[in-house]
Structures are given as structure tokens and as C-alpha cells.
Amino acid sequence: MIGGGLAGLSAATALADAGIRVQLFEKRPYLGGRATSYALPDGSQIDNCQHVTLGCCTNLADFYQRTGAASKIRHYDRLFFADGAGRVSSIHGSALPPPFHTSLSFWRFGALKLRDKRGIAKALLSIARSGGHGETKAGMTMLEWLQHSGQTEAAIHRFWRVVLVSALDEELHLTDARYGIDVFWKGFLRNRKGYILGIPSVPLGELYAECRRGIESRAGEIHSRAVVRKLRFVEGKFQAIVLDNGGEVRADACIAAVPHDELLELLPEELSASNSPFANLKCLQTSPITGVHLWYDRQVLDKPFLTLLDHTVQWIFNKSLLYDAGAGSRKDAGQYLQLVISASYELIPKTRQEIIDLCIRELSEVLPATRGAQLHKANVVKEVHATFSPRPGSDTWRPAQRTELVGFFLAGDWTRTGWPSTMEGAVRSGYLAAEALLEFAGSPRRFLVPDLPAEGFCRSWARD
Ligand SMILES: Cc1cc2nc3c(=O)[nH]c(=O)nc-3n(C[C@H](O)[C@H](O)[C@H](O)COP(=O)(O)OP(=O)(O)OC[C@H]3O[C@@H](n4cnc5c(N)ncnc54)[C@H](O)[C@@H]3O)c2cc1C
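Residues numbered from 1 in each chain as written. Predicted model: local features only at pLDDT ≥ 70, side-chain atom pairs only at ≥ 80, totals over all residues.

Section: the overall build of the chain
So, step 1. Helix and strand counts for the chain stand at 15 helices and 19 strands.
So, step 2. For the chain, the C-alpha radius of gyration of 22 Å lies close to 23 Å, the compact-globule estimate for 464 residues.
So, step 3. With the C-alpha coordinates aligned to their principal axes, the bounding extent of the chain is approximately 65 × 60 × 40 Å.
So, step 4. Taking all 464 residues of the chain together, 45% fall into the buried category. (Helix = DSSP H or I, 4+ residues; strand = E, 2+ residues; numbered from the N terminus. Rg over C-alpha atoms; globule rule 2.2 N^0.38 Å. Buried ≥ 20, exposed ≤ 12 C-beta atoms within 10 Å, placed from the backbone.)

Shown next, in the form of C-alpha cells:
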């Protein structure tokens, strides 16, 4: 196994559970890849960026269960949104059957007018009635789909964009409509649990400690700071990996769970050349996410998280409260906030200080308590290649986990899973790669967990 991100870890855990002796090579000193945490020079642990999961992410939930991390995820069934003036509305469930379970809170949503809401409701109903298909044409962007379905400007900017840029890390005019529609179908319509937010109560790195123990207790090995330089094949069959130090490790089979552009570096030239089966990977593009960490000397936010409308900052996470549910009652204590800006193209050329200043300015508009507060410390993490960009046609560039090379398999959020670039997509790819490898080894097993079932009216419409 090459790569200790969620794709590699989930494949390795599944294979270890199936009795396969796994060796995992990870180039960094820590596990988790793009969903990880590390220590700052002053000793404090920070996540590279806040990561959240949703109730519809069934395979990630299964992975957390397998590795003993499930108890470290807290679940929130109320989502808070603040408009430009700091007025807060929330979306939450009710006793109504899906797809109407969040509709009562939606009709009370203060940041939208009745006309905006009517258009949104009509479009959501069309997605639900069509079983998540939403009548798209090949190549259609989400923005085109929204305009075609008669959405108002306010609905696009204060509802659809707010949800989708965070979920897909891409602007609406660059997003394949299929991905956008799927977010609403799986997250908000099909099942009443789909939208429930899961947030780790510990730094991300701590989630993988049990995972390491699970693999090692089944005779597996995890090698960190182990850079793989090349993959060796003979007559279309996997032979060995070549390490940075020149050493070779032979194995019966290999799963490469590295980012798509790094895979091209590992392959022999004839396999990454323009006419090779892997050449299409060069067409997959990436999009950035910027995380900003702010430590205030006092409490400035009383909610666990807040989504902002009409601002550059999209999410504020109250890390103090998320890590320690009792933190809110200690009024004299400081507060650690983590802000997230997805598809942050405009922030990439800005300096660290410019980004911090912008965030402080925006927070002073929605959180008045920040105005008199002292900022103790700030940190900016720009992830330029955070996710693959779900552009129209991007699915055609995503390869399956099983390759034409004997004994060689792929995993990674960018492989063909049907899901966007998320932790759920990464774990799905890991499970699918493990299934393909076990079939090759002659002892097939299933790991992939099904989606949440369609409930309420969605179930009866699916039968029509
Ligand atoms: C800032 C940010 C915020 C995000 N927020 C969310 C979120 O809220 N929810 C969500 O679901 N998803 C989120 N994502 C996406 C999610 O993190 C990824 O989809 C997922 O972690 C990808 O996992 P992966 O295993 O496919 O790839 P990676 O995590 O990239 O793992 C690949 C691993 O391979 C290793 N590697 C590469 N080359 C070599 C080599 N030559 N030798 C050895 N090892 C090598 C790398 O070091 C890395 O550990 C976010 C991503 C980012 C960057």
C-alpha cells in the first residue's frame, strides 16, 4: 500500500481485517494525508483544516466504527447560518417525512424572501421526485441548471452556492450539475439523517491512532517517512516498489493510494505517456481551500459552528467548544476559532496578513464580541490542491480501482466512486480497491456499505 491518507488507511484496514499482511508506505511522518493534524512550533496541535462529515457518508462512518474512532465524532442536527447583519437562522429536522423533514425550518429561514424559497422548493422537489437525477444534460454546469430551473439571484447566492461551494470546493459555474444535484439528494432529501453534521471532537491525527494499532496488531506494518519513488512492472504485472533509499519491496499486489498527479510520477514512462491508460489523469484539475486559525482572549461565539452568507469566510468552527463541550461555560477562558474558505482562488495570491485582516474584518460584522477582543495568535493554511475539481466531464477522467495491470490497484478520492473529493469518496475508493485485490487473490469479500435508504415520500416515488 502506498499512501496513508483515508483511501490507503481504509483499504489497509479492510485488508488486515480479511487476514492479508499489509505493508503501508507513507512519505510524511504522520497519517491522514489531506485530512490530518500536526504540531505548531509552540506545541499546539492544529488540523490542516476543519473536516466535517454528513449522515449520508455511510462508508466513512463504517471506517470510524471499524477503527474505534466513531465515539470521537460528535453529531449536530441543527445547522446555523448568519447573514451579513449577523442575523442567525437554522435548518433542522422535524417529524415530517423526507423529503419534507427540514422544510418547516426552511420556510422560517430569515435570509431569503418568499419568492426565493418558492423557487428553491420547486427545484428540490423536482430532484426528489426524479430520485436524485434532476433532469440534467451532459456537460451542464450547476449554475446553468439553477438558471434553467428559474432560481432567483438571491436563491443562488444565499442558498445553493452556500451549500455547494462548501460541499464540492468549486464555484457553481465550474461544477458539473450532476454533483450539485447529488449533494442535495443524498444530504437533504432522500433520508432524514443525511444532513446531520459529524465533527471530530479531537484533532484529526488522533482519529488514526487506533487505525495504526488495528493494522499492526494483525501483523501489518506502517512505515512513515517512507517515500516511494517508482513502481516496477514486468510484462504488465506488478513486481515491486522502489523506495527513496533505493531499496526495493516486492509484493504479490499493490494499491497506490496517492494523489492522481503523484501517481503519474511513480509510473514507468510508458504508462504515463500521452497514449497510455493513465494519461487522462492529467485532465483532472484541482481547487483550493484556505483554513484560518484564530485564537482570541475571550469567548466571541456561543455556537459550535456558524455558516456565513454574503462573506468571503464561509464557515466558522468554534474549536474550543468542539473539543470540550464544557468550554462555553468558562466565560473567562479564551476561544480558538477555525474559519474555512472553499474554492478560495482569490485568497491564494494574498499574503498571510492580508487574509487574517480580511477575516478579522468579516468576523467583526457577524460576531460583535470580536470587536473588543485581543487576538493572541493566528495561522493560515492554504491547501492549493485541496480537492479535485468536479467540473463537467471530470467523471470520464476518473479511473476504476481495478487497472489493466496484473496485481496493481488504485485508491484515492479521485478514482471512480461516483462521489466528489471527500473523506467518504476516499474511504469508498479504499474499500473498492480492497475488494478488487481480494477478488484477484481468490478470496472475494465485500466492504462497501450501501447509501442510506430512501425514506418517506422519496421511497414511494422511487417505486413509481
Ligand atoms: C483543506 C481541506 C479541507 C477539506 N475538508 C473536507 C471536509 O470537510 N469533508 C470531507 O469529506 N473532505 C474534505 N476534504 C477532502 C478530503 O480531505 C480528501 O478527499 C481526502 O482526505 C483524500 O484522501 P486520499 O487518501 O484520497 O488522499 P490523500 O489524503 O492526499 O492521501 C494520499 C497520501 O499519499 C501520500 N503519498 C503521496 N506520494 C507518496 C509517495 N511517493 N510515497 C509515499 N506516500 C505518498 C501522501 O503523503 C498522503 O498521505 C478537505 C480537503 C482539504 C485539503
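Here's the deal with the nonpolar core
So, step 1. A11, I255 and A433 are the most contacted members of the largest nonpolar core, which totals 86 residues.
So, step 2. Broken down by element, the residue count for this core peaks at 10 residues, all from helix α14 (residues 423–440).
So, step 3. Domain assignment of the residues forming this core places at least three in each of domain 1 (6–35 + 203–283 + 394–440) and domain 2 (94–194).
So, step 4. Sequence-distant contacts of A433, defined by excluding residues within four places in its chain, comprise A11, I255, Q401, F409, L410 and A411. (Core = buried A, V, L, I, M, F, W, Y, C linked by C-beta atoms within 7 Å. Domains from an automatic or database assignment. Contact = placed C-beta atoms within 7 Å.)

Focus: the packing of helix α2 (residues 58–66) against α14
So, step 1. At a closest axis distance of 7 Å, the pairing of α2 and α14 adopts a crossing angle of 70 degrees. Between α2 and α14, the angle is such that the two are roughly perpendicular. Contacts between α2 and α14 pair N59, L60 and F63 from the former with M423, E424, V427, R428 and Y431 from the latter.
So, step 2. For the contact of α2 with α14, the per-class residue count stands at five nonpolar, one polar and two charged. (Axes fitted to C-alpha atoms, helices over the stretch in contact; angles between N-to-C directions. Parallel < 35°, antiparallel > 145°, perpendicular 65-115°, else oblique. Nonpolar A, V, L, I, M, F, W, Y, C, P; charged D, E, K, R; others polar.)

Quick word on the sheet that holds strand β8 (residues 197–200)
So, step 1. Strand order in this open sheet of three strands is β4-β8-β5, and the pairing throughout is antiparallel. Strands at the two margins of the open sheet, each flanked by one partner only, are β4 (53–54) and β5 (73–76).
So, step 2. Of the pairings in the sheet, the one linking β5 to β8 comprises four bridges and is antiparallel in character. Its bridge partner being in β8, I73 is matched across the sheet by P200. (Pairing = 2+ DSSP bridges.)

Describing the pairing of strand β15 (residues 305–308)
So, step 1. Of the two faces of β15, the one lined by F305 and T307 and the one lined by L306 and L308 are each fully buried.
So, step 2. Bridge analysis of strand β6 (residues 78–82) against β15 gives two bridges, and the strand direction is parallel. Each bridged residue has a counterpart across the sheet, and for F81 the counterpart in β15 is T307.
So, step 3. Bridge analysis of β15 against strand β16 (residues 315–318) gives three bridges, and the strand direction is antiparallel. Following the sheet pairing, T307 is matched in β16 by W315.
So, step 4. Hairpin connection between β15 and β16: a loop of six residues separates the two successive antiparallel strands, and D310 in this loop has a positive phi of roughly 60 degrees.

Considering the site of the ligand
So, step 1. The local shell around the ligand holds 38 residues, among which G3, G5, G33, C49 and T422 are the closest.
So, step 2. Secondary-structure elements contributing two or more residues to the shell around the ligand are α1 (6–17), β14 (286–296), β18 (375–388) and α14.
So, step 3. Element by element, the count of residues in the shell around the ligand is highest for α14, at four residues.
So, step 4. Looking at the shell around the ligand residue by residue, the class counts come to 16 nonpolar, 14 polar and eight charged. (Near = placed C-beta within 6 Å.)

Things to note about the packing of helix α6 (residues 153–168) against helix α7 (residues 177–189)
So, step 1. Running from N to C, α6 and α7 point in directions that differ by 105 degrees, and their axes come no closer than 10 Å. The pairing of α6 with α7 is recorded here as roughly perpendicular in orientation. Each of V163, L164, A167 and L168 in α6 lies in contact with α7, whose residues at this interface are Y179, G180 and V183.

Looking at unusual backbone geometry
So, step 1. Note the cis peptide between P98 and P99, where omega equals 10 degrees.
So, step 2. On the secondary structure map, P99 appears in the loop between β7 (88–92) and α3 (103–107).
So, step 3. With a phi close to 60 degrees, D310 is a non-glycine residue in the positive phi region.
So, step 4. For D310, a count of 15 C-beta atoms within 10 Å corresponds to the partly exposed category.
So, step 5. Backbone geometry at A343 places phi at a positive 45 degrees, although glycine is not the residue there.

Focus on the domain arrangement of the chain
So, step 1. In terms of domains, the chain is made up of domain 1 (6–35 + 203–283 + 394–440), domain 2 (94–194) and domain 3 (286–388).
So, step 2. Each of domain 1 and domain 2 has a C-alpha centre, and the two are 34 Å apart.

Let's talk about the sheet that holds β15
So, step 1. Sheet architecture is open: seven strands sit in the order β7-β6-β15-β16-β17-β14-β18, paired in mixed fashion. What marks the edges here is a single partner per strand, and that holds for β7 and β18. Between one strand axis and the next, the sheet turns through 25 degrees on average, direction left out of account.

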